[in-house]
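# Breakdown of the fold
Residue-level listing of the chains:
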Amino acid sequence: SFLTMIFKKTIAILALTVSGANTAAFALSKSTTKTLATSRTSPAGLKTTCPRFVNNGSVQSSTALGLSAEGGAKPVETSSSTSDVMEQLKVGGYFAFWYLFNIAYNIYNKKSLNALDFPWTIATIQMATGIFYFVPLWLTGLRKAPKLSLDDLKTLFPIALCHTGVHVGAVIALGAGAVSFAHIVKASEPVVTCGLNALLLGQILPMKVYATLLPIIGGVAIASMKELSFTMLALASAMLSNVSSAARGVLSKKTMSGKEIGENLDAQNLYAVLTAMSTAILIPLMLAIEGTGMFSAFSKVVEAGEFTKKSLATLLGLGGLSYYAYNEVAFLALGKVNPVTHAVGNTIKRVVIIVASVIAFKTPMSTGSIIGSSIAIAGTLLYSLAMNASKKEAKKT
């Protein structure tokens, strides 16, 4: 397909871009000595907490895990108009690839789940695929390999557990219902994040921030009631992903704040390490829940003539590559923009994914579902803007 052709070409560009990138978001100076935890929003526009790195006295953006994203530091201003134009084109390219890979992932993932009803196995394959990307970079020296002690791994393990929950919950939700519905429910993550921050960290936010949660809750409720493809499994799994993402943020803040975690553990390597740990967690869970049933199911699908072995294997592989690719590109995109630009970009991205999935799978959406999703997504934008405003006010006092 056209999307597959574009994906294959851009993944090669991505590998060269990421391996050679030395952006303000990730390039740490020799004076960098420790990581700090900071409240951010995920690449999906959802608030979490992540480590950030202190570089030459300024805090730069870090991980787009899922741990990321109120956006990175503002781009460094230069006197050259040509440099400014090139920088804008570069940022635009990052956002374009981020959107493209995210859309590709949702489509490949849903097609895989439609063909093979084994969400745990597919989630494991997708998570493991990233290993074939970052390990060669480490072995060839294109990216410095992280050095971690046993204590460092123990610190990261609870975060990796939550990272696993974020991914497997989303995959199950995408398989159990429409892609659009899964993203509508995932828009409610700020509600869970605020609740866990208040319960576990004692963080009380301004009332204007809590007020923005009302349209999110109301919008998701309306969309759920009017969703034509509603299933309880899709709703529960999407909420599992939300809770895991919020818990990951809280744990990051509690366990990593002010700590030195290994060597060479920048944002991209942190995501790589969590990917490897999550893969190790998922393999025994996958075998316990689904066993090796997907192998026989794979053969049956091929025998039925729906796919060839090559096309089905390619579909599964592209799902994993696009999953890792959109997170990698998110590192580069989010580190180049300010918080407001990021919040708007995330909101647009969610809308684009919903629209693209509706077109790709011809999923009908009722008027109530469209209204509810619009309200919920608008609420997430208001929430991001309100959080950014409250942080600015806190810094002034």
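What counts and how
Residues numbered from 1 in each chain as written. Predicted model: local features only at pLDDT ≥ 70, side-chain atom pairs only at ≥ 80, totals over all residues. Heavy atoms only, no water. Salt bridge = Lys/Arg side-chain N within 4 Å of Asp/Glu carboxyl O. Helix = DSSP H or I, 4+ residues; strand = E, 2+ residues; numbered from the N terminus. Buried < 20%, exposed > 50% of the residue type's maximum accessible area, 1.4 Å probe, protein only. Axes fitted to C-alpha atoms, helices over the stretch in contact; angles between N-to-C directions. Parallel < 35°, antiparallel > 145°, perpendicular 65-115°, else oblique. Left-handed = near helix turned anticlockwise from the far one by under 90°. Contact = heavy atoms within 4.5 Å. Nonpolar A, V, L, I, M, F, W, Y, C, P; charged D, E, K, R; others polar. Patch = residues over 30% accessible without salt bridge, like charges linked within 9 Å, V, L, I, M, F, W, Y side chains within 5 Å. Areas by Shrake-Rupley, 256 points an atom, 1.4 Å probe, with all protein chains shown as cover. pLDDT = per-residue confidence, 0-100. Core = buried A, V, L, I, M, F, W, Y, C linked by side-chain atoms within 4.5 Å. Phe/Tyr/Trp six-rings, centres within 6.5 Å; stacked < 30°, edge-to-face > 60°.

Our focus in this paragraph is the pattern of salt bridges. Within the structure shown, the criterion is met by two salt bridges. A salt bridge links E328 to R143; the nearest nitrogen and oxygen atoms lie 3.2 Å apart. Of the two residues, E328 sits in helix α13 (residues 309-334) while R143 sits in the loop between α4 (131-140) and α5 (150-176), which places them 185 residues apart along the sequence. As far as burial versus exposure is concerned, E328 and R143 are alike and both buried. We note a salt bridge from K208 to E393, for which the minimum N-O separation is 2.9 Å. Linking K208 in helix α8 (residues 207-211) with E393 in helix α15 (residues 367-396), this pair joins segments that are 185 residues apart in sequence.

Packed helix pairs are characterised by how far apart their axes lie and by the angle those axes make with each other. Here helix α3 (residues 119-129) crosses helix α11 (residues 267-289) at 160°, and the two axes come no closer than 9 Å. As the angle between them shows, α3 and α11 are arranged roughly antiparallel. Of the two elements, α3 crosses α11, and the hand of that crossing is left-handed. Every residue of α11 that contacts α3 at W120, T121, A123, T124, M127 and A128 is listed here: T275, S278, T279, L282, I283, L285, M286 and I289. Each residue belonging to the contact of α3 with α11 can be placed in one class, and the counts come to nine nonpolar, five polar and no charged.

A word on a nonpolar patch on the surface. Nonpolar side chains collect at one region of the surface, where V85, M86 and L89 lie side by side and expose about 300 Å² of accessible area between them. Judged by relative accessible area, V85 falls into the partly exposed class, the value being 44%.

Right, let's talk about the confidence of the model for the protein for a bit. Low pLDDT marks regions whose predicted coordinates should not be analysed in detail. For the protein, per-residue confidence averages 77 on the pLDDT scale, and residues scoring 70 or more make up 76% of the total. Mean pLDDT values over the elements of the protein span from 32, in strand β3 (residues 58-60), up to 96, in α3.

Contact geometry of α3 with α5 gives a least axis separation of 9 Å together with a crossing angle of 125°. When the axis of α3 is compared with that of α5, the two are oblique. Regarding α3 and α5, the two cross each other, and that crossing is right-handed. Across the interface between the two elements, P119, W120, A123, Q126 and M127 from α3 touch H163, H167, V168, V171 and I172 from α5.

Let's shift gears to the nonpolar core. Among the nonpolar cores identified, the biggest contains 57 residues, and W98, L116 and L312 are the most heavily contacted of them. Ranked by residues supplied to this core, first place goes to helix α2 (residues 81-115) with 13 residues. Residues I261, L270, V273 and M277 belong to the second largest nonpolar core, which totals ten residues.

By relative accessible area, R143 is classed as buried at 7%. Sequence-wise, R143 and N269 are 126 residues apart; in three dimensions their C-alpha atoms are separated by 8.6 Å.

Okay, unusual backbone geometry next. Even without being a glycine, N264 presents a positive backbone phi close to 60°. By secondary structure assignment, the location of N264 is in the loop between α10 (232-256) and α11.

Another aspect to go through is the packing of aromatic side chains. Counted by the stated rule, this structure contains eleven aromatic pairs. Arranged with centres 5.4 Å apart and planes meeting at 45°, the rings of Y105 and Y323 form a pair that is tilted. Placement of the pair is Y105 in helix α2 and Y323 in helix α13, with a sequence separation of 218 residues. Of the aromatic side chains, those joined through ring pairs into one cluster are Y133, F134, W138, Y271 and Y324.

The next thing to look at is the side chain of N106. Examined against the element boundaries, N106 turns out to sit in helix α2. Classification of N106 as buried rests on a relative accessible area of 4%. Ignoring sequence-local partners within four residues, the contact set of N106 consists of L174, V179, H183, I353 and F361.

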